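Residue-level structure breakdown
Each chain, written out:
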Amino acid sequence: MTDTKKKPESPARLTLILFAITLVTSLLLGLVNFITKDRIAEINLEKTASAMREVLSADEYVPVEYAGSNNTVTGANRAVRGGNSVGYVMEVAPSGFGGLIKMVVGVDPDGKITGVSIVNMSETSGLGTGANDEGFRRQYIGGAGGFAVDKDGGKIDSLTGATITSRAVTAGVNAAAEAAETLGQEAR
């Protein structure tokens with residue numbers, strides 16, 4: 001009886017097969033990204049517009065230029081209702097535990113926060129994502145900036161197990177309040 005042994009695969013052939021699989025997968029992912037990028041951008045714009053309406057009700061939101069030095073502020077809009085300015089809606093992106101937290105913050109003409117909405121974040125599920133809970137975001141409403149979390153001697157109750165996220169959201173709200181104040185002073 002003859003003993004037939006299978007010849008082992010050569011490392012070069014296995015490398016070539018792995019490369020081919022990786023190449024095909026990369027091309028497919030690139031194609032899907034190319035096909036969906038416009039729709040994703042459209043969805044993000046819709047989410048931002050919805051968040052703007054949530055934080056400060058207005059007939060229109062007029063983009064204004066924010067020339068301040070705070071890099072957390074990514075956009076500024078004057079909220080107009082009945083032809084009158086009713087405040088600013090600021091777009092901010094503070095750095096949290098899982099990356100940037102894209103938020104929209106409403107600020108009335110008196111500098112008081114009218115609302116906070118989180119548009120996009122990658123925080124830890126069950127911990128940092130608690131920043132999206134209405135109870136947490138409501139803590140800022142009616143205040144005028146200068147917020148700090150309880151662990152830093154402030155009045156904002158930080159999220160259990162997500163102090164970095166709590167500090168990031170607080171920094172974003174403070175940045176929005178400061179930027180709105182600057183824009184309000186420039187408008188006078």
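These lines cover the structure that appears in this document, whether it is placed above or below. Note that the coordinates shown come from a computational prediction; the quantities given were computed from them, not determined experimentally.

Focus: the sheet that holds strand β2 (residues 73-81)
Each strand in a sheet pairs with another by means of backbone hydrogen bonds, the pair being arranged parallel or else antiparallel. Strand order in the open sheet made by the five strands is β1-β2-β3-β6-β7, with antiparallel pairing throughout. Edge positions in the open sheet fall to β1 (60-64) and β7 (113-120), since each of these has one partner strand only. Between one strand axis and the next, the sheet turns through 25 degrees on average, direction left out of account. Of the pairings in the sheet, the one linking β2 to strand β3 (residues 84-92) comprises eight bridges and is antiparallel in character. Looking at the pairing, Arg81 lines up with Asn84 of β3. Lying over the sheet, helix α1 (residues 11-55) contacts β1, β2, β3, β6 (102-107) and β7, oriented at roughly 160 degrees with respect to β7.

Brief notes about the pattern of salt bridges
Two side chains with opposite charge may pair up if their charged atoms get near one another. Under the definition given, this model contains five salt bridges. Arg39 serves as the salt-bridge partner of Glu46, at 3.9 Å between the closest nitrogen and oxygen. By relative accessible area, Glu46 is classed as partly exposed at 43%. Each of Arg39, Glu42 and Glu46 takes part in salt bridges that share partners, so that together they form one network.

A closer look at the environment of Asn33
When you line up the elements, Asn33 lands in helix α1. With a relative accessible area of 47%, Asn33 lands in the partly exposed category.

Comments concerning the packing of aromatic side chains
Overall, the coordinates contain two aromatic pairs when judged by the stated rule. Centre to centre, the rings of Phe136 and Tyr140 are 5.8 Å apart; their planes meet at 80 degrees, and the pair counts as edge-to-face. Take Phe136 and Tyr140: they sit in the same class, and that class is buried. Here the aromatic rings of Tyr140 and Phe147 are separated by 5.2 Å at their centres, their planes lie at 85 degrees, and the arrangement is edge-to-face. Note on Tyr140: relative accessible area 0%, which makes it buried.

Quick look at the nonpolar core
Burial of nonpolar side chains together is a common tendency in soluble globular proteins. Core analysis: the biggest nonpolar cluster contains 30 residues, and Met90, Met103, Val105, Ile113, Tyr140, Val169 and Val173 have the highest contact counts within it. Contributions of two or more residues to this core are made by β2, β3, β6, β7 and α3 (163-187). The dominant element in this core, judged by the number of residues it contributes, is α3, at nine residues. Excluding residues that lie within four positions of it along the chain, Met103 makes contacts with Met90, Glu91, Val92, Pro94, Val116, Ser117, Ile118, Val119, Val169, Gly172 and Val173. Grouped together as the second largest cluster of nonpolar side chains are eleven residues, Met52, Val55, Val86 and Val104 included.

Some points on the pairing of β6
Judged by how many residues are buried, β6 sits mostly within the fold: five of six residues are covered. Bridging between β3 and β6 involves five bridges; their strand directions are antiparallel. Counted as the bridge partner of Tyr88 is Val107 from β6. As paired elements, β6 and β7 share six bridges and run antiparallel to each other. Looking across to β7, one finds that Gly106 is bridged to Gly115. Counting the residues that bridge the hairpin from β6 to β7 gives five residues, and of these Gly111 lies at a positive phi of roughly 85 degrees.

Conventions and cut-offs
Residues numbered from 1 in each chain as written. Predicted model: local features only at pLDDT ≥ 70, side-chain atom pairs only at ≥ 80, totals over all residues. Heavy atoms only, no water. Pairing = 2+ DSSP bridges. Helix = DSSP H or I, 4+ residues; strand = E, 2+ residues; numbered from the N terminus. Axes fitted to C-alpha atoms, helices over the stretch in contact; angles between N-to-C directions. Contact = heavy atoms within 4.5 Å. Salt bridge = Lys/Arg side-chain N within 4 Å of Asp/Glu carboxyl O. Buried < 20%, exposed > 50% of the residue type's maximum accessible area, 1.4 Å probe, protein only. Phe/Tyr/Trp six-rings, centres within 6.5 Å; stacked < 30°, edge-to-face > 60°. Core = buried A, V, L, I, M, F, W, Y, C linked by side-chain atoms within 4.5 Å.

Purely spatial values, then, with no claim about function.
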